[in-house]
Amino acid sequence: MRPMKFGMGQPVRRVEDQRLTTGAGRYTDDIAVEGALHAYVLRSPHAHAKFRIVDKEAARKRKGVRLILTGEDIAHLGDIPCKGLIKTASGEPVTSLPVPVLPTDTVRHVGEAIAFVVADTLLQARDAAEAIEIEFETLPAITGIAEALAEGAPQVWPDRGGNIAFEAEQGDRAKTEAAFAKADRMVSITIVNNRLASNYMETRACIADYDKAAKRWTLTLGSQGSHGTRDILAKNILKVDPARIRVITPDVGGGFGTKIFMYREYPLAMVAAEKLKRPVRWVADRTEHFLADTHGRANLTTATMALDKRGRFIGLKVDLAAEMGAYLSQYGPFIPWVGTTMTPGCYNIPAVHVQIRGVLTHTMPVDAYRGAGRPEAAYLIERLVDAIARETGKSPDAVRALNFVKPGEMPHVTQTGPVYDSGEFEGHMRRAMEVADWQGFRDRIKLSRKAGKLRGIGMSCYIEACGGGGPESATVMLEKDGTVTVLIGTQSNGQGHETAYSQLVSQHLDIPMDRIRVVQGDTDLIATGSGTGGSRSIPVGGAALDAATGILAGNLKQLASDALEASTGDLEIVDGAVRIVGTDRSIDLKALAALPGAGAEQLRVHQSWQPPEATYPNGTHVVEIEVDPQTGGTEILNYVVVDDFGVTLNPIMLQGQVHGGAAQGIGQALMEEIRFDDSGQMLTATFMDYALPRAIDIPNFRFETRNVPCVTNALGVKGAGEAGAIGACPAVMNAMVDALNRAAGITAIDMPATPVKVFRALREAGYHG
């Protein structure tokens, strides 16, 4: 591939950043709509209760109030669907649970919506909501996986005994039992993967408008895919032709999976706009984000590895209890299932069996969060591998090197289904150890001990699946002014799609970024789209765009061949013009677009690309930490990442993705956690109680790539959007356990390893410095 100034592999700075960092971004709440009314959601103060709305007339009579919607007012609406109804262990699909847009008599978590109040101002809507008289009959509530599974626990749904929403499995049970029967040794761990909130910078918001004459809605919202939002609203909830709904997504301030899903406020705003013939806007505050948006992670898992005499892995058993919350969210059951396909990690394990239970609690639903099950799988296997190293007396790298899938074994079919096409796992592990100066740790720990500190070093070698699923389409057009327009159904949430897609176009047409316009997030302008999730945008959307732009380049050469009277084989595209190789005779794109034969069939190309298999990015994180035993506080001293992303599209953007993901992983490992009291009240619903990492908590990363091109992707790329978050947690926690084990013999601690938890663990182990 010929290097282009703005093309593949170039460290181009993000073109959207000038707009976004100078206040010119246009997020949903920035959009001023004339005559818009304001909505407020009245939410349940109880985790589990029967309720009856005694009176809402007094609220209706409040100044400025236009409408109050409760469950009885929207009986015509369909339920919010669960699309992730996987096959259970019996072979039948998971039976869904009803998720009403508004419940009529029972609430099942704190923050569940009860009424939707619309008024001239937000304060008027809020005041009216407080005037609605409701009688509650509180019922027993349960939070926490172990508590929900305990005998005699309160039931979230009467038809789901033991609070088990479903049971599923991966792998081969009989084969795994046979492997365990001949094992020389078995090593087990039980770990918690803590519940998290996404905490994107921009909270959810929507603006609904209804055109009475056209009988059509326009919904503007921050989402991860306009087409998916439209289709669920039309087909499942409003039960109308999708052509009656236009969904527009402007700039989005973060998504992390959580903005993929359907939420109650969207159809409620649309119903209100239709009834009132006025635009209706709703914007969540930060506490509503904690109480009403889906959460992530929330697993309790036991894993046992069977080893032979040499220490080779011969079998793996996993018992995973995945918290679902009170309802089955849009992809809730699918997340633990797809995550457990990555249970073997980077290792050649000939027999694997995973038992999955979806557990119901009186809490917010749990769904995808950056990585969607794969971080949970990587955390489990990497914590287990370190435990094996401790019990067998081997070094962490030796255990890994012995059991890695080798390059010569590619493609490798895992026991849970994925087919790894490429990777050199030991290669990036050794390189990361070299960069981190693993061998020099013995000298550095002496310095820490002299200072009264504990020091630990840990690694994680991860692999994840992304860039798979259904097809994505892209349209590329040469405009009459010589600029290029891209229409694509993915959705940027801050990743830099405008830059990345422009680089793919520039690779073929060699034009600067300011002559390329990327359009996303409008169902009227873009025919189809799968949205953004699972690091699909560049591996799948980018592959479609690359194919379309390649065809457009060929069309332009054909047009130029007639104008220049030259064979297409003698033509090249340079500096935005088609030129006869070795001469100064050329014709630029604007002139080409003006040629008499330049019709839409030559200047507009639409292509789709269907990935034949997921891509499998992989890499090694090495983390070195220091713990103050007097406070339990942790400082990350060194953080090294060596990744295999196949091919690098933009090294600056790639580094940013890895840094951001690793920061989120550090947050989960050391500070973030959603917590509830025994009655189901959330204890961490503000930033006063839910800790997010700040700049001082994040180290300077040393990052490099050791790429092995993907053989199943048209661009050779493997995807990078989630990798940082996947590798970070196990590396940080393995370093933590290493530090605590060296000092006090501690072999296990769960995330988040907060100062209080670390301090308590040291004292309980008898360590007093």
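As a reminder, the structure under discussion sits directly above these lines.
Novice: What exactly am I supposed to notice about the overall build of the protein chain here?
Specialist: In terms of regular secondary structure, the protein chain is built from 20 helices and 28 strands. Its C-alpha atoms give the protein chain a radius of gyration of 27 Å, near enough to 27 Å, the size a compact globule of 769 residues would have. With the C-alpha coordinates of the protein chain rotated into their principal frame, the extents come out at 85 × 75 × 55 Å. Counting all 769 residues of the protein chain, 59% fall into the buried class. Here the contacts in the protein chain between residues at least 6 apart in sequence split such that 80% fall between residues at least 24 apart. As presented, the protein chain carries roughly 29,000 Å² of accessible surface, and 50% of it is formed by carbon and sulfur atoms.

Novice: Looking at this model, I keep getting lost on the packing of helix H11 (residues 396-403) against helix H12 (residues 425-436). Mind explaining?
Specialist: For any two helices packed against each other, the geometry comes down to the angle between their axes and how far apart the axes lie. Packing of H11 against H12 leaves a shortest axis separation of 10 Å and a crossing angle of 165°. With respect to H12, the axis of H11 lies roughly antiparallel. Viewed along their axes, H11 and H12 form a crossing whose handedness is left-handed. On H12, the residues touching Asp397, Arg400 and Ala401 of H11 are Glu426, Met429, Arg430 and Met433. Counted by class, the contact of H11 with H12 contains three nonpolar, no polar and four charged residues.

Novice: I would appreciate a short explanation of the sheet that holds strand S15 (residues 352-360) in the present structure.
Specialist: Reading across the sheet, the five strands line up as S7-S15-S14-S13-S8 and stay open at both edges, with mixed pairing between neighbours. In the strand order of this sheet, the two ends are held by strand S7 (164-171) and strand S8 (185-196), each with one partner. Averaged over all pairs of adjacent strands, the angle between their axes in this sheet comes to 10°, without regard to strand direction. Pairing geometry for strand S14 (residues 313-325) and S15, over nine bridges, is parallel. Note on S15: the bridge partner recorded for Val318 is Val354. Running at roughly 130° to S14, helix H5 (residues 173-181) makes contact with S7, S8, strand S13 (296-307), S14 and S15 of the sheet.

Novice: Help me understand the pairing of strand S26 (residues 618-627) in this model?
Specialist: Consecutive residues of a regular strand have side chains that alternate between opposite faces of the sheet. With ten of its ten residues buried, S26 lies for the most part within the structure. Every second residue of S26 is oriented toward a common face, with Asn618, Thr620, Val622, Glu624 and Glu626 on one face and Gly619, His621, Val623, Ile625 and Val627 on the other, all of them buried. Of the pairings in the sheet, the one linking strand S18 (residues 454-463) to S26 comprises ten bridges and is antiparallel in character. Looking at S26, one finds that Ile457 is bridged to Glu624. Direction of pairing for S26 relative to strand S27 (residues 634-644): antiparallel, over a ladder of ten bridges. Each residue of the ladder has a partner; that of Ile625, found in S27, is Ile636. Between the antiparallel neighbours S26 and S27 lie six residues, among them Gly632 with a positive phi of about 80°.

Novice: Looking at this model, I keep getting lost on the packing of helix H6 (residues 226-238) against helix H7 (residues 265-276). Mind explaining?
Specialist: Interhelical geometry of H6 versus H7 gives an angle of 75° and a closest axis separation of 11 Å. Between H6 and H7, the angle falls in the class roughly perpendicular. For the pair H6 and H7, the contacting residues are Leu233, Ile237 and Leu238 in the first and Tyr266, Pro267, Met270 and Val271 in the second.

Novice: Before we go on, may I ask you to explain the nonpolar core in this structure?
Specialist: Note that soluble globular proteins tend to have their nonpolar side chains buried in a common cluster. Phe116 and Tyr639 are the most contacted members of the largest nonpolar core, which totals 156 residues. Per-element tally for this core: the top contributor is helix H19 (residues 723-744), with twelve residues. Excluding residues that lie within four positions of it along the chain, Tyr639 makes contacts with His621, Val622, Val623, Ala662, Ile666, Pro699, Asn700, Phe701, Arg702, Gly727, Ala728 and Val732. Among the nonpolar cores identified, the runner-up in size contains 44 residues, and Val484, Ala548, Ile587 and Leu592 belong to it.

Novice: What's the story with the environment of Ile457 in this structure? I'm lost.
Specialist: Looking at the secondary structure, you find Ile457 in strand S18. Put simply, Ile457 and Ala436 are 21 residues apart on the chain and 9.7 Å apart in space, counted from C-alpha to C-alpha. Setting aside residues up to four positions removed in sequence, Ile457 forms contacts with Trp438, Phe441, Arg444, Val622, Val623, Glu624, Asn734, Ala735 and Asp738.

Novice: I keep staring at helix H18 (residues 651-670) and nothing clicks. Help me out?
Specialist: Helical geometry note: an α-helix holds 3.6 residues per turn, so side chains three or four residues apart project in the same direction. If you check H18, its first and last C-alpha atoms are 28 Å apart, about what 20 residues at 1.5 Å a residue would give, namely 28 Å. Counting buried positions along H18 gives 14 out of 20 residues, so the element sits mostly inside the fold. Among the residues of H18, the N-terminal cap falls to Asn650, whose side-chain oxygen and the backbone nitrogen of Ile652 are separated by 3.0 Å.

Novice: Is there a simple way to think about the packing of aromatic side chains in this case?
Specialist: The geometry of an aromatic ring pair is captured by two quantities: the separation of the ring centres and the angle between the planes. One pass over the full model with this rule turns up 13 aromatic pairs. A centroid spacing of 5.8 Å and a plane angle of 70° characterise the contact between Trp157 and Tyr327, whose relative ring orientation is edge-to-face. With Trp157 in the loop between helix H4 (145-149) and S7 and Tyr327 in the loop between S14 and helix H9 (334-340), this pair connects stretches of sequence that are 170 residues apart. In terms of burial, Trp157 and Tyr327 fall into one category: buried. When the centroid spacing of 5.2 Å and the interplanar angle of 55° are considered together, the rings of Tyr420 and Tyr616 count as tilted. With a gap of 196 residues between them, Tyr420 in strand S17 (residues 419-420) and Tyr616 in the loop between strand S25 (604-609) and S26 connect regions that are remote in the sequence. Here the two residues Tyr420 and Tyr616 agree in accessibility, since each one is buried. Here the aromatic cluster, defined as three or more aromatic residues joined through ring pairs, consists of Phe313, Tyr347, Phe404 and Phe425.

Novice: What is the right way to read the sheet that holds strand S19 (residues 472-478) from this model?
Specialist: Whether parallel or antiparallel, the strands of a sheet pair through hydrogen bonds between backbone atoms. What the four strands build is an open sheet, ordered S21-S20-S19-S25; its pairing is mixed. Looking at which strands have only one partner, the edges of the open sheet turn out to be strand S21 (516-519) and S25. Averaged over neighbouring strand pairs, the angle between their axes works out to 15° when direction is ignored. The sheet contact formed by S19 and S25 spans six bridges and is antiparallel.

Novice: Teacher, can you tell me more about the pattern of salt bridges here?
Specialist: When charged atoms on two side chains of opposite charge get close, those side chains can pair. This structure, assessed with the given rule, holds 41 salt bridges. A salt bridge links Arg43 to Glu265; the nearest nitrogen and oxygen atoms lie 2.8 Å apart. Placement of the pair is Arg43 in strand S1 (residues 37-43) and Glu265 in helix H7, with a sequence separation of 222 residues. For Arg43, a relative accessible area of 14% puts it in the buried group. Judged by its relative accessible area of 2%, Glu265 falls in the buried class. The shortest N-O distance in the salt bridge between Arg706 and Glu424 comes to 2.7 Å. Placement of Arg706 in the loop between strand S28 (701-705) and H19 and of Glu424 in the loop between S17 and H12 is noted, with a sequence separation of 282 residues between them.

Novice: Where do I start with unusual backbone geometry in this structure?
Specialist: Excluding glycine, residues mostly have negative phi values, and the peptide bonds linking residues are mostly trans. Cis geometry is adopted by the peptide bond preceding Pro411, which originates at Met410 and carries an omega value of -5°. Inspection of the secondary structure puts Pro411 in the loop between H11 and strand S16 (412-413). Between Met751 and Pro752 the backbone carries a cis peptide bond, its omega angle lying at -10°. In this structure, Phe256 takes a positive phi of about 55° despite not being glycine. In this structure, Phe256 sits in the loop between strand S11 (245-248) and H7. In this structure, Asp575 takes a positive phi of about 55° despite not being glycine.

So, how was this worked out
- Residues numbered from 1 in each chain as written.
- Predicted model: local features only at pLDDT ≥ 70, side-chain atom pairs only at ≥ 80, totals over all residues.
- Heavy atoms only, no water.
- Helix = DSSP H or I, 4+ residues; strand = E, 2+ residues; numbered from the N terminus.
- Rg over C-alpha atoms; globule rule 2.2 N^0.38 Å.
- Buried < 20%, exposed > 50% of the residue type's maximum accessible area, 1.4 Å probe, protein only.
- Contact = heavy atoms within 4.5 Å.
- Areas by Shrake-Rupley, 256 points an atom, 1.4 Å probe, with all protein chains shown as cover.
- Axes fitted to C-alpha atoms, helices over the stretch in contact; angles between N-to-C directions.
- Parallel < 35°, antiparallel > 145°, perpendicular 65-115°, else oblique.
- Left-handed = near helix turned anticlockwise from the far one by under 90°.
- Nonpolar A, V, L, I, M, F, W, Y, C, P; charged D, E, K, R; others polar.
- Pairing = 2+ DSSP bridges.
- Core = buried A, V, L, I, M, F, W, Y, C linked by side-chain atoms within 4.5 Å.
- Expected span 1.5 Å × (residues − 1).
- Polar contact = N/O pair within 3.5 Å; in protein donor to acceptor, adjacent residues only side chain to side chain.
- Phe/Tyr/Trp six-rings, centres within 6.5 Å; stacked < 30°, edge-to-face > 60°.
- Salt bridge = Lys/Arg side-chain N within 4 Å of Asp/Glu carboxyl O.

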